[in-house]
Amino acid sequence: DGYRVAVVGATGAVGTRMIQMLEETSLPIDSIKYLASKRSAGQVLKFKGQDVTVEETTPDSFENVDLALFSAGGGVSKKFAPEAIKRGAVVVDNTSAFRMDPDVPLVVPEVNEQALYEHKGLIANPNCSTIQMVVALEPIRKNYGLKKVVVTTMQAVSGAGNLAIQELKDETQAYLDGEEMQAGILPASGDKKHYPIAFNPLPQIDVFEDTGYTHEEWKMIHETKKIMSDQDIQVTATCVRVPVVVSHSESVWFEIESHDASVKKIQNILSDAPGVVLQDDPEHQIYPQAINATGKKDTFVGRVRADLEQNNAFQLWVVSDNLLKGAAWNSVQIAEKLHELDLLRVPK
Ligand code: A2P
């Protein structure tokens with residue numbers, strides 16, 4: 001009576017965290033399957049101490065699967081998610097393949113769990129940077145209304161996968177050894193030029209669009225409106241890749257509707273908010289840091305300040321593990337909610 005679960009992209013940066021989150025979940029699991037490309041088929045990984053052999057992903061991999069968590073790139077999701085659903089598996093997809101599809105709920109459980117009721121077999125997990133920002137802003141929006149958001153991100157290389165982590169390490173070593181740094185993946189594996197990330201923040205994540213914004217910035221703008229179900233929230237973003245292995249940091253400026261807020265009130269709201277840990281004590285130099293957030297499921301918020309030049313505007317510093325709340329944990333949390341709400345099945 002537990003679920004038969006498949007992890008697609010099980011060998012990847014997010015996939016290995018999905019496995020870890022599934023080991024810790026309260027979700028009843030009867031069996032688990034690890035899927036990846038042909039390259040890593042035959043590799044043996046663990047689940048709760050037991051050996052599990054990685055298999056190549058094929059349409060038939062999804063026979064007798066109730067829940068499939070995908071994090072193997074958009075192309076893999078586009079190809080195999082429909083096959084999984086057809087065979088009766090509910091898909092939680094961590095890629096951007098279906099996020100803006102009006103028929104697909106885009107869910108952060110702390111913000112819009114009710115959207116799960118609309119699912120038709122597939123639920124999309126939002127972009128990592130969007131998730132941690134909306135976890136921090138939703139409790140403020142609920143109390144005061146949200147007019148405008150201006151965000152600058154400082155994103156870890158693990159968001160671009162295991163090869164990008166290796167690239168940062170190799171370049172750092174080369175730099176320290178006085179050798180030339182070789183860039184082959186970042187800023188965007190799908191773009192023509194590559195630049196070193198070691199000691200060098202790059203203001204490009206994903207490819208550029210005609211507007212001059214990158215696709216990552218576009219995602220933060222449009223996913224925020226969809227998750228908060230409010231097309232009127234004005235959002236603008238600058239997304240920066242920084243030489244950090246895990247956890248994204250964000251500087252968030254926002255303007256609210258209400259004239260009734262204060263720093264103290266916002267701190268109180270954040271300290272009671274689901275999924276949020278307030279770390280805000282400048283006197284003792286307490287604020288969120290990427291190294292402390294890594295390995296944790298929460299979103300850490302600090303540096304709450306009023307804009308000194310504009311009424312009803314404030315600033316936050318928001319940090320979270322991009323592989324956990326930004327990806328693997330949010331996906332497993334969605335599965336837990338589906339189970340709780342008795343929705344973990346493909347609707348007829
Ligand atoms: P593989 O190890 O076989 O390449 P990351 O985000 O760390 O780069 O990981 C990407 C994940 O997606 C890996 O688990 C990788 O498996 C998997 N993957 C890549 N291409 C495919 C594919 N065509 N079919 C299934 N899984 C894939």
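The numbers attached to residues start from 1 for each chain and follow its sequence in the written order. In keeping with the model being predicted, local features are shown solely for residues with a pLDDT of at least 70 and side-chain atom pairs are shown and tallied solely at 80 or more, while totals for entire chains, interfaces and linings include all residues. As a convention, hydrogens and water are excluded, and side-chain values are obtained from all of the structure's heavy atoms.

**Student:** Help me understand the state of the cysteines in this model?
**Tutor:** Among covalent bonds in proteins, the disulfide is the one between the sulfur atoms of two cysteines. Note on disulfides: each one is a pair of cysteine sulfur atoms within 2.5 Å. Overall, the coordinates contain zero disulfides when judged by the stated rule. With no disulfide of its own, Cys128 has Cys239 as its nearest cysteine by sulfur position, at a separation of 8.8 Å. Buried means the residue's accessible area, taken with a 1.4 Å probe over protein chains only, is under 20% of the maximum for its type, while exposed means over 50%, and partly exposed covers the values in between. What makes Cys128 buried here is its relative accessible area of 14%.

**Student:** Mind showing me how you'd approach the sheet that holds strand β3 (residues 44-47) here?
**Tutor:** In short, DSSP must find at least two bridges between two strands for them to pair. The helix and strand labels rest on DSSP assignments: H or I over at least four residues marks a helix, E over at least two residues marks a strand, and numbering proceeds from the N terminus. Overall, mixed pairing links the seven strands, which are arranged β3-β4-β2-β1-β5-β6-β7 in an open sheet. Pairing within the sheet leaves two strands with one partner each, and these edge strands are β3 and β7 (122-124). The mean angle between the axes of side-by-side strands here comes to 25 degrees, regardless of whether they run parallel or antiparallel. When strand β1 (residues 3-8) meets strand β2 (residues 29-36), the two strands line up parallel, connected through six bridges. Paired with Arg4 across the strands is Ser31, a residue of β2. Throughout, a residue-residue contact means that at least one pair of heavy atoms, one from each residue, lies within 4.5 Å. For helices, the fitted line uses only the C-alpha atoms of the stretch in contact; every axis is such a line through C-alpha atoms, and the angle between N-to-C directions lies from 0 to 180 degrees. Here helix α1 (residues 13-24) sits on the sheet and contacts β1, β2, β3 and β5 (67-70); the angle it forms with β3, its principal contact strand, is near 30 degrees. Contacts from helix α2 (residues 74-86) reach β1, β5, β6 (90-93) and β7, with the element oriented near 175 degrees to β5.

**Student:** How should the environment of Val318 be read in this particular structure?
**Tutor:** One can find Val318 in strand β13 (residues 313-320). Sequence separation between Val318 and Glu250 is 68 residues; the distance between their C-alpha atoms is 5.1 Å. Excluding residues that lie within four positions of it along the chain, Val318 makes contacts with Gln132, Ala136, His248, Ser249, Glu250, Val252, Thr299, Phe300 and Val301.

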